[in-house]
Amino acid sequence: MLAFAIRRLLEAAFVMVTVALLAFVLFRFVGDPVNQMVGQDTSLEDRQRLRQELGLDDPVAVQFGRFVANAVRFEFGISYQMKQPVTTIISERAPATLELAFVAALFAVALGIPMGVYTGIHRDSWLSKIFLTVSLIGISLPTFLIGILLIYVFAVMLGVLPSFGRGEVVRIGFWRTGLLTTSGLKALILPAVTLGLFQMTLVTRLVRSEMLEVLRTDYIKFARARGLTQRAVNFGHALRNTLVPVITVIGLQLGAIIAFAIITETVFQWPGMGLMFIQAVQNADIPVMAAYLMLVAFLFVLINFIVDLIYVRVDPRIRIYGRGV
Amino acid sequence: MKLKTLAVAGAIALALATTPAAAKTFRYAFQGDLNALDPYTLNESFTLGALGNVYEGLTKRDKDLKIIPGLAERWEIVDPLKWRFYLRKGVKFHGGEDFTADDVLFSTDRMRSPGSQMTSRAPRDMKAVKVDDHTVDFVLTSPNPILHAEWDTWYMMSKKWAEANGAVQAQMSSATSLNPFALKSNGTGPFTIVSHEHGVKTVYKPNPNWWGKPEHNLTEVTFQTIKSDATRVAALLSGDIDMMDPVPVQDIDRLKSSANATAMIGPEIRTIFLNMDSMREELLYSSVKGKNPFKDARVRKAFYQAIDMEAIHTKVMRGMSVNSALMISPLLYARAAEFKRHPYDVAAAKKLLTEAGYPEGFEVVMDCPNDRYVNDEGICQAVAQMLSRIDIKVKLNAQPKAKYFQKVLATSKYDSSFSLLGWTPGSLDSWNILENIIGCRDADGKGAAFNLGGWCNPRITELNKLILVESDTKKRDELIAEAFRINHEEVGLIPLHQQSLIWGVSKKVQQMVLRADNQILFYWTKMQ
């Protein structure tokens, strides 16, 4: 078990270094940050001086070495655009993204599972067909379109929800939360629905197909034959057996929601990390981009690592494989 | 004790009674962030405008961009090498410090400190000399009639406060140093910044001790960034904000037809134009080998006359532009009306091209930004289409601004044959255009560094030296006219148009000034 964990950790470190290297090579192609930092009248000498101060004239290998050396000490430099340490910016922006991702995931699960169960049991009812049609829309419409659509319906036409932003926030230690104020909660609804719609669809369809599968198995037939109630059969036995793959998918999707909330955050001007990243890309703000990509890589590595460990506990075959090799 | 409690209670009651009726919050949004609160860090019009509500220069500009007194009550040119500024008395900074000549001297030094982007605000060899607490002389080594042209955005800072807050040097744009001051402000202006959360929200409150008479009725102002165009429009329509900039061209009609908002449209002073590489012996990106077709004025004029600006105005810009014969906005040059565009004439263009020895036309690559100016990529596509009528095959290379500027500027040795650029003269004066855009340069960018095509007529450089020191307005305008005429006749660069400024404004806003330099100055804003 320990050897398995250590080997996984080494692999994780390797992934991180690879991501850093890839990101760094990519930065050669994002454009010139200096022109985004100066006014149009700034002289060429001043631009050149700035370039030198930023170390942009050094060879890529030197820049990369410097970056890795700083990164292991959690120093990612100061944002070219925002003039603040990147770690400060990220720690300020992370709560917004995490709250949004959490609520979106909650929305996806809370609606997706019941809908999946219902459509699995009542395959031909008209309500099932509505659910499936809705979920088809969720999976086929691009996120930004859903976002804009929701804004127009609920903010512009009905005027019941705010069109952008995060509302009032309350500070608890370093964490600024929007979950404790009315305006914060109202502001959360549209972006969370937008972000969670795709995941909800995924959960619905996954649960449905698993349910269809499980309901055909012998132990369900036996349970029915024993005269258990429908409720006990469907939820106590069938649903429980569908949940293993569902939990896995949700876990991985949570990582995706956090990392790729970029479009939703842009549409709703949600002050999270995705918005920060897209602005950094446009302005070639390399320190921010580098730190963000490392964070995302770390997130995925971490989730995978945890999932792997859980598998080991759950599935003895992996444990044996891990010891044998 | 009791009395005090009573007084406090009374004050609270009064505040409660008056606030709801009088509270007027103006909420506005822009597509970009307010990136620096240090007024010397970024020389960029949105930042300078946002800080122009908080800080003030010795001069100001009024609603029509005319220079008016700011922190200096008046000034005089004692002799061509000495300007005397009389400072306004009784002015206090937000922190309570008095504004005196020492602050002007300090601001002069700070403007030149290493991190500052404001060094172009005054000649490097200008000296500031204190005469008394409220009089300052600026001593020059050569005459300069437009010395104070950009001083409306050279904001005065308090020496005392800067020293107490470690802000003696301007905040560097580079990543290695961080000034704690970068997120604080202390000006003399009509508003103070109460809180600033980068990229999220900035809150302003009126400065009750401001020296001037307020022309606004606001009690609070909030600024928020809204990046996405569609969201910005939706936020205005739903009443979440009162004003936003810019309005996408395609949304103007929707704003105008809505019940709670409208669009304010006015000319901007930025000019959009085309550069042709007429410096290299052979073009980098063309089918013509061994020679450079752009060295021939007939080819350049053929390009000019083949472009149908009326079509670009109506189709690409949807009417939101003013076609220009000059490289400067007609608002900024008194004799602009004398200049007329060369007529759009495909036959004449084709004839010129044939005379120049290219009856079959040729191929050339055009570099174009796609996120910098209004519909920039659309303009380039239209130009490419139009040039195909005279058998010029344009391959368009449209890129985001970060990539585009990396390629076309001096840093990559002007790695382009044909490109589109926009320019706003910071001093709102023709000299700036001639100095940066139209004058001669060498291959490394010495001289007019932003003349991307490198087209050169030495007479323009000569004229520009005269323009810099000529104090007589009439003579000066004549010299400028001569320089512009040379560019017009020889088609060194092809001016296209000035784009329009479009602000979305809620109907709750009674008064708002759309100034042609696109600074959002809410000290002229009144709300219902």
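Just so it is clear, the structure is predicted and the values come from calculations on it, not from any experiment.

How each quantity is defined
- Residues numbered from 1 in each chain as written.
- Chains lettered and ligands numbered in written order.
- Predicted model: local features only at pLDDT ≥ 70, side-chain atom pairs only at ≥ 80, totals over all residues.
- Helix = DSSP H or I, 4+ residues; strand = E, 2+ residues; numbered from the N terminus.
- Buried ≥ 20, exposed ≤ 12 C-beta atoms within 10 Å, placed from the backbone.
- Contact = placed C-beta atoms within 7 Å.
- Rg over C-alpha atoms; globule rule 2.2 N^0.38 Å.
- Pairing = 2+ DSSP bridges.
- pLDDT = per-residue confidence, 0-100.
- Nonpolar A, V, L, I, M, F, W, Y, C, P; charged D, E, K, R; others polar.

Draft legend 1. Summary view of the overall build of chain A. Secondary structure assignment for chain A yields 14 helices and 2 strands. A principal-axis box enclosing the C-alpha atoms of chain A has dimensions of 85 × 65 × 35 Å. Here chain A, with 325 residues, has 38% of them falling under the buried criterion. Looking at chain A alone, contacts between residues at least 24 apart form 71% of all its contacts between residues at least 6 apart.

Draft legend 2. Spatial organisation of the overall build of chain B. A tally of regular secondary structure across chain B gives 14 helices and 19 strands. Taken over the C-alpha trace, chain B has a radius of gyration of 25 Å; the compact-globule value for 528 residues is 24 Å, and the two agree within 12%. Along the first, second and third principal axes, the C-alpha set of chain B runs to 95 × 55 × 45 Å. Expressed as a percentage of its 528 residues, the buried residues of chain B come to 49%. Residue pairs in contact within chain B that sit at least 24 positions apart in sequence constitute 70% of those at least 6 positions apart.

Draft legend 3. The arrangement of the pairing of strand S5 (residues 82–87) of chain B in detail. Residues and elements named next belong to chain B. Only one face of S5 is covered, namely the one carrying Trp83, Phe85 and Leu87; the face carrying Lys82, Arg84 and Tyr86 has none of its residues buried. Bridge count between strand S4 (residues 72–79) and S5: 6 bridges; the pairing is antiparallel. By the bridge assignment, Ile77 is partnered in S5 with Trp83. Turn length for the S4-S5 hairpin, with the two strands adjacent in sequence and antiparallel, is 2 residues.

Draft legend 4. Seen up close, the confidence of the model for chain A. Taken over all residues, the pLDDT of chain A has a mean of 84, while the share at 70 or more is 95%. Mean pLDDT across the secondary structure elements of chain A bottoms out at helix H14 (residues 316–324) of chain A, with 54, and peaks at helix H11 (residues 262–267) of chain A, with 92.

Draft legend 5. Fine view of the interface of chain B and chain A. Facing the 41 residues of chain B at the interface are 44 residues of chain A. Taken together, the elements giving at least two residues each to the side of chain B that touches chain A come down to strand S10 (220–225), helix H5 (229–237) and helix H11 (401–408) of chain B. In terms of residue count, H5(B) provides more of the side of chain B that touches chain A than any other element does, 5 residues in total. Taken together, the residues that form the side of chain B that touches chain A break down as 18 nonpolar, 19 polar and 4 charged.

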